[in-house]
Amino acid sequence: MSVPKFRNIKIKAYKPGKSGINKNKKYIKLSANESSLGVSTNVKKIFKNKNLFLHRYPDSKSKDLRSAISKELKCDYNKIICGAGSDEIIQLICQLYLNRNDEVILPEYSFLMYRIYSKIIGAKVLFSKEVDFKISVKNILKKVTKKTKIVFIANPNNPTGTYLNKKELISLRKKLNKKILLVIDDAYHEYNLKKDFISGLKLFKRSKNVFILRTFSKLYGLASLRIGWGYGDKKIINALYQIKPPFNVNMFAERCAVEAISDKGFVKKSVRYNTFWGNKIKNSFLKYNISSNEIVCNFLLLNFKKCKISSKLFMKKLFNNKIIVRNLEEYKIKNCLRLSIGNSIENKYLLKVVKKIFKNV
Ligand SMILES: *Cc1c(COP(=O)(O)O)cnc(C)c1O
């Protein structure tokens, strides 16, 4: 029987960090960089509210959330667009900028959604080499051609846990052709306390050719509600509003995000907690010759190069003890694992299990 034909798109679909949630609640999930402290208590109050008007469509322009963001982060209300996760904003940016055969440059180890959405449009994705798991400005510039439309970077980067400092960011923008859009994904910026670090939003608030991505999925703990936002020149934002699905952000997501961003205490507490546990876990792993990145985000890229067991065996042993971490095969990073910082009960249990594992090898 002949049937309508659809486009043949050559991509590997995104595989989320393994989750044990549905099958067995006892698993400890340290594979998706989710918030270790859950959500702000202010967020929880929203679900107790009885007058939710579920039968009404949500606000298509997320005005309350944009007001809250613009007030809290001192940025321009008119330059903000909200989406169902920053994920959706990445998709919209690709739809807006890319034609078939245009080129996109990504650091070789970068968030998988950049390549997926670029390829769906039919753009060509070029990967720039990193140096010791760090983005190289020089190698990005080497990949530029007349067809380059967008350069995506996450800073700090997932899954490597490294970052470009302020000087390096400025140099990248300066040396990159002005007509190429630089997208900086600030997903983990809150966790980075290094003095030479600056978030994309802070540095490029007024830029016309830098676009910023932000999410509520990580530190703020709203991953399941799907809420994130983009920030850029008004002309870009207006064009994005023309193509976005009208009710992409649901009412719960918007209201929870307003509460989340207004609770500065929760942000501070989460960051302090992350730095403390991140360093503790990093140092414990060093004892077994497993090295990792500095604590500038809420996860560790564990490198087993000098360790007496392989990352694969270690992951299996963790799993046997009901701990799930992220394997990095899709990223083509060998003999490494990505471990999210959990809550204190999870972290203590993890360290106990690791000790046990190395006693027996
Ligand atoms: C987790 C993550 C995001 C968040 O995506 P959402 O769609 O907002 O949940 C974005 N960028 C990077 C680099 C991430 O690691």
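Residues numbered from 1 in each chain as written. Predicted model: local features only at pLDDT ≥ 70, side-chain atom pairs only at ≥ 80, totals over all residues. Heavy atoms only, no water.

A. Just the packing of helix 2 (residues 63-73) against helix 9 (residues 251-262), in detail. Remark: helix 2 packs on helix 9, axes separated minimally by 9 Å, with the N-to-C direction vectors making an angle of 15°. Taken together, the axis directions place helix 2 and helix 9 in an arrangement best described as roughly parallel. Along this stretch, helix 2 crosses helix 9, giving a crossing that reads as left-handed. For the pair helix 2 and helix 9, the contacting residues are Lys-63, Asp-64, Leu-65, Ala-68, Ile-69, Glu-72 and Leu-73 in the first and Glu-254, Ala-257, Val-258, Ile-261 and Ser-262 in the second. The class makeup of the residues in the contact of helix 2 with helix 9 is seven nonpolar, one polar and four charged. (Axes fitted to C-alpha atoms, helices over the stretch in contact; angles between N-to-C directions. Helix = DSSP H or I, 4+ residues; strand = E, 2+ residues; numbered from the N terminus. Parallel < 35°, antiparallel > 145°, perpendicular 65-115°, else oblique. Left-handed = near helix turned anticlockwise from the far one by under 90°. Contact = heavy atoms within 4.5 Å. Nonpolar A, V, L, I, M, F, W, Y, C, P; charged D, E, K, R; others polar.)

B. Up close: the packing of helix 3 (residues 85-97) against helix 8 (residues 234-243). Look at helix 3 against helix 8: their axes get within 10 Å of each other, and the N-to-C directions meet at 100°. Viewed along their axes, helix 3 and helix 8 adopt a mutual orientation that is roughly perpendicular. Here Leu-92, Ile-93, Gln-95, Leu-96 and Tyr-97 of helix 3 lie close against helix 8, whose contacting residues are Ile-236, Ala-239, Leu-240 and Ile-243. The residue inventory of the contact of helix 3 with helix 8, partitioned by class, reads eight nonpolar, one polar and no charged.

C. Seen up close, the domain arrangement of the chain. Looking at the assigned domains, one finds that the chain contains domain 1 (58-262) and domain 2 (265-359). Put simply, the middle of domain 1 and the middle of domain 2, counted by C-alpha atoms, are 27 Å apart. The partner of Glu-294 in a salt bridge is Lys-194, with the nearest N and O atoms 2.9 Å apart. Applying the counting criterion to the domain 1 and domain 2 interface returns three residue pairs in polar contact (both at pLDDT 80 or more). (Domains from an automatic or database assignment. Salt bridge = Lys/Arg side-chain N within 4 Å of Asp/Glu carboxyl O. Polar contact = N/O pair within 3.5 Å; in protein donor to acceptor, adjacent residues only side chain to side chain.)

D. Broad picture of the sheet that holds strand 9 (residues 299-303). Sheet architecture is open: three strands sit in the order 9-12-11, paired in antiparallel fashion. Only two strands of the sheet have a single partner each, and these edge strands are strand 9 and strand 11 (326-327). Across two bridges, the pairing between strand 11 and strand 12 (residues 336-340) is antiparallel. Counted as the bridge partner of Asn-327 is Leu-337 from strand 12. (Pairing = 2+ DSSP bridges.)

E. Examining empty space enclosed by the protein more closely. For the structure shown, the criterion picks out one cavity of 30 Å³ or more. Of the voids in this model, the largest cavity is the one considered here, and its volume is about 50 Å³. The wall of the largest cavity is formed by Glu-34, Ser-35, Ser-36, Tyr-191, Leu-219, Ser-270, Asn-274, Asn-298 and Ile-341. Of the residues belonging to the lining of the largest cavity, the class tally is three nonpolar, five polar and one charged. (1 Å grid on protein atoms, 1.4 Å probe; cavity = no way out; pocket = protein on both sides within 12 Å on 5 of 7 lines; lining within 4 Å. Points joined across faces, edges and corners; volume = space filled by probe spheres on them.)

F. Up close: the sheet that holds strand 6 (residues 181-185). Spatially, seven strands are ordered 2-8-7-6-5-3-4 in an open sheet, and the strand pairing comes out mixed. With one partner strand each, in any of the chains shown, strand 2 (80-83) and strand 4 (124-128) form the two edges of the open sheet. Each strand of the sheet is rotated relative to its neighbour by a mean of 20°, with strand direction disregarded. Where strand 2 and strand 8 (residues 228-231) come together, four bridges link them in antiparallel fashion. Its bridge partner lying in strand 8, Ile-81 is registered against Gly-230. Each of strand 2, strand 6, strand 7 (210-215) and strand 8 touches helix 8; the most contacted strand, strand 2, lies at about 35° to it.

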